[in-house]
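Listed here are the chains, written in short residue letters.
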Amino acid sequence: MVDPTIPAPRRRAGLATAFVVLALLAALAAWWTGDTFYLRLATEALIFGGLAMAVDLLLGIAGLLSLGQALFFGFGAYLSGLLLRDAGLSFWSVLAIATVAGAAVGLVSGVIAIRARGVYFALIMFGLAQIAAKAVYNVQALGASDGLMGVPVVRIGVGPYSVSASDPLSFFLVVLVVIMLMYALLAYLLDTPFGRNMQALRANPLRLSFLGFDPWRYKLAAFVLAATIASVAGALYPMLRGFASPELLYFQTSGNAVITVVLGGVGTLIGALYGSVILFGLKSVVGTYTEHHLIVIGLLFMAAVIFFPSGLVGALRKKK
Amino acid sequence: MSAWLESLQFVYAPQVVNGLSLGVAVILMALGLTIIFGLLDVINMAHGEFYALGAYLGTSLLLTGLSFWIVLVLVPLVMLPVGYATERLLIQRVFHHKDRHILTLLLTFGMAIVLEDVFKLIYGPNSLKPESPIQGATELLGMMFPTYRLFLMAVGLVIVAGVWWVVYRTRLGAIVRAAAYDRHMSASLGVPVLRVYAGTFAFGVALAGLAGVLLAPVYSVFPTMGKDFILMAFSVVIVGGLGSIKGAIVAGLLLTQVQALSSLYISPVWSDPLVFGIMVLVLMFRPQGLFGRLGHG
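Residues numbered from 1 in each chain as written. Chains lettered and ligands numbered in written order. Predicted model: local features only at pLDDT ≥ 70, side-chain atom pairs only at ≥ 80, totals over all residues.

## Observations concerning the overall build of chain B
This is how the line gets drawn: Put simply, DSSP H or I for four residues or longer makes a helix, DSSP E for two residues or longer makes a strand, and each gets a number counted from the N terminus. Only the C-alpha atoms count toward the radius of gyration. The rule for a globule is 2.2 Å times the residue count to the power 0.38. As a rule, residues whose C-beta atom has 12 or fewer other C-beta atoms within 10 Å are exposed, those with 20 or more are buried, and those in between are partly exposed; C-beta atoms are placed from the backbone. Here the contact rule is simple: place C-beta atoms from the backbone, and any two residues whose C-beta atoms are within 7 Å are in contact.
A tally of regular secondary structure across chain B gives eleven helices and two strands. Its helices and strands in sequence order give chain B the pattern α-α-α-α-β-β-α-α-α-α-α-α-α, from N to C terminus. Whereas a compact globule of 297 residues would reach a radius of gyration of roughly 19 Å, chain B reaches 19 Å, a difference of no more than 12%. Seen along its three principal axes, the alpha-carbon backbone of chain B occupies a region of about 65 × 50 × 35 Å. Evaluated residue by residue, chain B yields a buried proportion of 49% over its 297 residues. Within chain B, counting contacts between residues at least 6 apart in sequence, those at least 24 apart form 77% of the total.

Have a look at this one:
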């Protein structure tokens with residue numbers, strides 16, 4: 001019997017530890033064999049795992065399905081690309097700015113989006129992300145359809161030392177630290193009274209207001225948090241790949257994050273990271289046999305929705 | 001005064017007619033979406049892929065040498081069992097959960113991903129363009145328009161009127177509306193609700209397939225054709241009101257005119273964000289859309 005008073009992240013502390021251990025083992029194996037390709041892929045999986053974590057925070061904790069989380073991911077990516085290329089800022093200041101700016105954009109779009117409920121929230125996020133994607137696609141200053149090119153390699157200062165983002169192993173470890181720090185922060189937050197109220201949003205928002213709390217505030221808080229996480233994860237992307245493209249804002253990116261969350265387990269947060277690794281692994285394995293890996297992934301996703309709906313539903317807001 | 005008339009004739013009129021032909025196409029898509037939502041509460045994310053399926057089926061059938069007019073009738077007939085089976089075998093599996101809104105949305109989203117890749121697998125990523133069955137141009141208001149586009153508008157209007165007539169003026173339509181309003185009461189009165197659900201889903205899918213065949217000669221056929229088109233249809237359905245037939249028609253005409261006429265003043269690339277902006281505003285301030293949903297009032 002699962003104790004519902006203990007938040008999922010604490011119940012899954014073992015899974016989080018296991019994830020870090022597995023990641024370190026993978027890094028060790030890559031260092032041993034001198035592999036760079038899979039390490040880069042794993043880094044990308046972690047970055048998109050961060051985006052999925054943001055989607056899970058909304059879907060699994062607050063009960064809001066976001067079909068446009070790529071909006072904040074793309075925002076972070078373009079912001080980071082611009083700051084690195086044109087302002088020459090350091091790694092940590094870029095992350096700090098992506099955090100603050102992500103929260104600010106999250107606040108503005110949150111006020112717009114959480115006016116709508118349920119499926120309307122999903123559609124309003126879809127619309128907002130679509131507007132942003134079309135805008136970025138057409139703005140010449142942002143590279144239009146080509147994307148933001150020529151983002152320089154950043155050096156990451158760690159105390160007296162510094163490592164380069166072009167070194168696959170170092171950057172993998174840096175991304176692992178950033179993503180796991182965000183996970184740890186969320187896991188801690190969910191254990192506080194504030195976090196408990198946020199989880200009450202999907203359990204019973206009406207009772208939340210009977211107890212004197214304003215559901216709107218908690219919804220907005222969850223939304224801003226999720227936007228910030230997606231923005232920080234996005235900020236890491238151009239450091240890995242050297243560019244930011246409009247595709248990062250497309251529905252495909254948002255949709256992939258939702259698929260990741262459903263495959264990894266809704267409402268667990270750490271499941272988003274596992275899901276992302278599984279999805280990237282699947283794409284690369286199936287991809288060696290056929291370029292049509294989306295058929296396999298789509299069918300798996302449909303199976304997950306059909307056969308584990310109670311797992312999914314249990315994590316969603318209960319509606320009478 | 002004559003300069004004003006000339007700009008009306010040569011600048012605005014063509015935009016209005018082009019907007020109308022796109023509008024009729026979008027309404028065909030939006031009708032299916034809105035009827036499916038109105039009755040089943042399902043946001044069909046795969047609707048655009050059913051539209052593409054219709055277009056691909058049509059193109060394949062045309063290659064066998066069948067005449068366009070036979071294909072135009074055949075494709076919706078083939079799509080009916082496809083839609084019926086989809087509803088019975090897939091949608092029904094998650095339909096009775098409390099969160100069917102979100103579960104069915106996710107499920108149809110998965111279907112869209114699979115279908116799109118299947119199109120790529122079978123037909124390749126490049127676009128095909130079936131030959132237009134009606135060649136030439138017709139003069140209208142002193143301007144030349146492709147005859148096929150005018151035909152498209154006429155056919156679209158007939159179909160829209162037909163759907164409206166079926167839903168609001170026939171016994172079948174009354175059954176559908178009753179099931180949308182209160183499925184338990186309808187079931188008690190002997191309406192085979194499950195079959196009505198599957199049938200309605202199939203009908204919506206067939207409409208999308210029909211739109212696919214009709215538009216294939218104009219917009220050409222490629223794997224992501226549904227995705228590009230469905231955004232507009234979603235905006236129309238939301239602005240008009242999810243589940244409202246009247247709303248889909250009014251908003252379909254309105255939004256495509258906004259898109260067509262705004263491109264005279266702003267760069268056409270910004271007319272899409274404008275339409276989505278209207279959708280977001282409607283979701284913010286009037287989430288139920290301009291009109292109420294099917295079976296309600």
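There's plenty left to go through after this.
## A short note on the overall build of chain A
On a plain count of helices and strands, chain A comes out with 14 helices and two strands. Its C-alpha atoms give chain A a radius of gyration of 19 Å, within 12% of the compact-globule value 20 Å for 320 residues. The buried share among the 320 residues of chain A stands at 52%. Considering only residue pairs separated by 6 or more positions, chain A has 76% of its internal contacts joining residues 24 or more positions apart.

## Brief notes about the interface of chain A and chain B
Note the cut-off: Throughout, the ten residues Ala, Val, Leu, Ile, Met, Phe, Trp, Tyr, Cys and Pro are labelled nonpolar, Asp, Glu, Lys and Arg are labelled charged, and all others, Gly among them, are labelled polar.
Every contact between the two is made by 35 residues of chain A and, on the other side, 34 residues of chain B. Elements supplying a minimum of two residues to the side of chain A that touches chain B: helix H6 (118-138), helix H11 (251-264), helix H13 (293-307) and helix H14 (309-315) of chain A. When residues of the side of chain A that touches chain B are assigned to their parent elements, the largest contribution, 13 residues, is made by H6 of chain A. Of the residues belonging to the side of chain A that touches chain B, the class tally is 24 nonpolar, seven polar and four charged.

## Concerning unusual backbone geometry
Within the chain, Leu269 of chain A stands out as a residue other than glycine whose phi angle is a positive 65°. The topology assignment puts Leu269 of chain A in the loop between H11 and helix H12 (270-289). Leu269 of chain A sits in the buried class, given 28 other C-beta atoms within 10 Å. With a phi close to 65°, Asp41 of chain B is a non-glycine residue in the positive phi region. Tracing the backbone through its elements, the reader meets Asp41 of chain B in the loop between helix H1 (2-40) and helix H2 (47-63).

## Examining the environment of Thr43 of chain A
All names here are of chain A. Note that Thr43 resides in helix H3 (residues 37-61). For Thr43, a count of 26 C-beta atoms within 10 Å gives the class buried. For the pair Thr43 and Gly102, spaced 59 residues apart in sequence, the C-alpha to C-alpha distance is 21 Å. Here Thr43 is in contact with Phe171, Phe172, Val175 and Leu240, once residues within four sequence places are set aside.

## Comments concerning the packing of helix H5 (residues 91-113) of chain A against helix H10 (residues 215-241) of chain A
All names here are of chain A. Selection rule: In this analysis, axes come from line fits to C-alpha atoms, helices being fitted only over the stretch in contact, and the angle between any two N-to-C directions falls in the range 0 to 180 degrees. Should an angle lie under 35 degrees it is considered roughly parallel, over 145 roughly antiparallel, and from 65 to 115 roughly perpendicular; all remaining angles are considered oblique. Should the near helix be turned anticlockwise from the far one by less than a right angle, the crossing is left-handed, and should it be turned clockwise, the crossing is right-handed.
Contact geometry of H5 with H10 gives a least axis separation of 7 Å together with a crossing angle of 140°. Relative to H10, the element H5 lies oblique. Judged by the sense of rotation from one axis to the other, the crossing of H5 with H10 is right-handed. Residue-level inspection shows Val94, Leu95, Ala98, Thr99, Ala101, Gly102, Ala103, Val105, Gly106, Leu107, Gly110 and Ala113 of H5 in contact with H10, the latter providing Leu220, Phe223, Val224, Ala227, Thr228, Ala230, Ser231, Val232 and Ala235.

## With respect to the nonpolar core
Note the threshold: In this usage, the nonpolar core is the set of buried Ala, Val, Leu, Ile, Met, Phe, Trp, Tyr and Cys residues whose C-beta atoms join them within 7 Å.
Leu57 and Ala222 of chain A together with Ala233 of chain B are the most contacted members of the largest nonpolar core, which has 205 residues in total. Excluding its chain neighbours within four sequence positions, the residues that come into contact with Ala233 of chain B are Val26, Met29, Ala30 and Leu33 of chain B.

## Digging into helix H3 (residues 68-95) of chain B
Every α-helical turn comprises 3.6 residues, leaving residues that sit three or four positions apart pointing alike. All names here are of chain B. Put simply, the rule is: Under the convention used throughout, the expected extent of a helix is 1.5 Å for every residue step, that is, one less than its residue count. In this analysis the local bend is the angle between axes fitted, respectively, to the seven residues ending at and the seven residues starting at the residue.
In this model H3 runs 37 Å from its N-terminal to its C-terminal C-alpha over 28 residues, within 8% of the 40 Å that 1.5 Å per residue would give. The largest bend in H3 is about 35°, located at Glu87. Turning to H3, its buried residues are Val71, Val75, Pro76, Met79, Gly83, Tyr84, Thr86, Glu87, Ile91 and Val94.

## Overview of helix H4 (residues 70-87) of chain A
All names here are of chain A. Here H4 contains 18 residues, and its C-alpha end-to-end distance of 24 Å stays within 8% of the 26 Å for a straight helix at 1.5 Å per residue. Among the 18 residues of H4, 14 are classified as buried, and the element is accordingly described as predominantly covered. Just past H4, the residue Gly88 takes up positive phi, approximately 60°.

## Notes on the packing of H11 of chain A against H12 of chain A
All names here are of chain A. One can describe the packing of H11 onto H12 by two numbers: an axis separation of 7 Å at closest approach and a directional angle of 110°. The pairing of H11 with H12 is recorded here as roughly perpendicular in orientation. Along its contact with H11, which presents Ile259, Thr260, Val261, Leu263 and Gly264, the element H12 presents Gly271, Ala272, Tyr274, Gly275, Ser276, Ile278 and Leu279. Across the contact of H11 with H12, the residue classes tally to seven nonpolar, five polar and no charged.

## Looking at the confidence of the model for chain A
Residues and elements named next belong to chain A. As a reminder, the rule being used: pLDDT: the predictor's confidence for each residue, scored from 0 to 100.
Chain-level statistics for chain A give a pLDDT mean of 85 and a share of 92% at 70 or above. When mean pLDDT is taken per element in chain A, H5 scores highest with 93 and H14 scores lowest with 52. Residue range residues 313-320 is modelled with pLDDT below 50. Its contacts to residues more than four positions away, or to other chains, number 17 contacts.

## Describing the environment of Ala133 of chain A
Residues and elements named next belong to chain A. Within the secondary structure, Ala133 is located in helix H6. Along the chain, Ala133 and Ile270 lie 137 residues apart, while their C-alpha atoms are 28 Å from each other. When near neighbours in sequence (up to four residues on either side) are disregarded, Ala133 contacts Pro246, Leu249 and Tyr250.

## Some words on the environment of Asn18 of chain B
Residue and element names in this part refer to chain B. Relative to the elements of secondary structure, Asn18 occurs in helix H1. Classification of Asn18 as partly exposed rests on a count of 16 C-beta atoms within 10 Å. In sequence terms Asn18 and Phe145 are 127 residues apart; their C-alpha atoms lie 9.0 Å from each other.

## Some thoughts on the confidence of the model for chain B
Summarising the model, chain B shows a mean pLDDT of 85, and 97% of its residues fall at 70 or more. Reported confidence for the predicted complex is 0.85 by ipTM and 0.87 by pTM.

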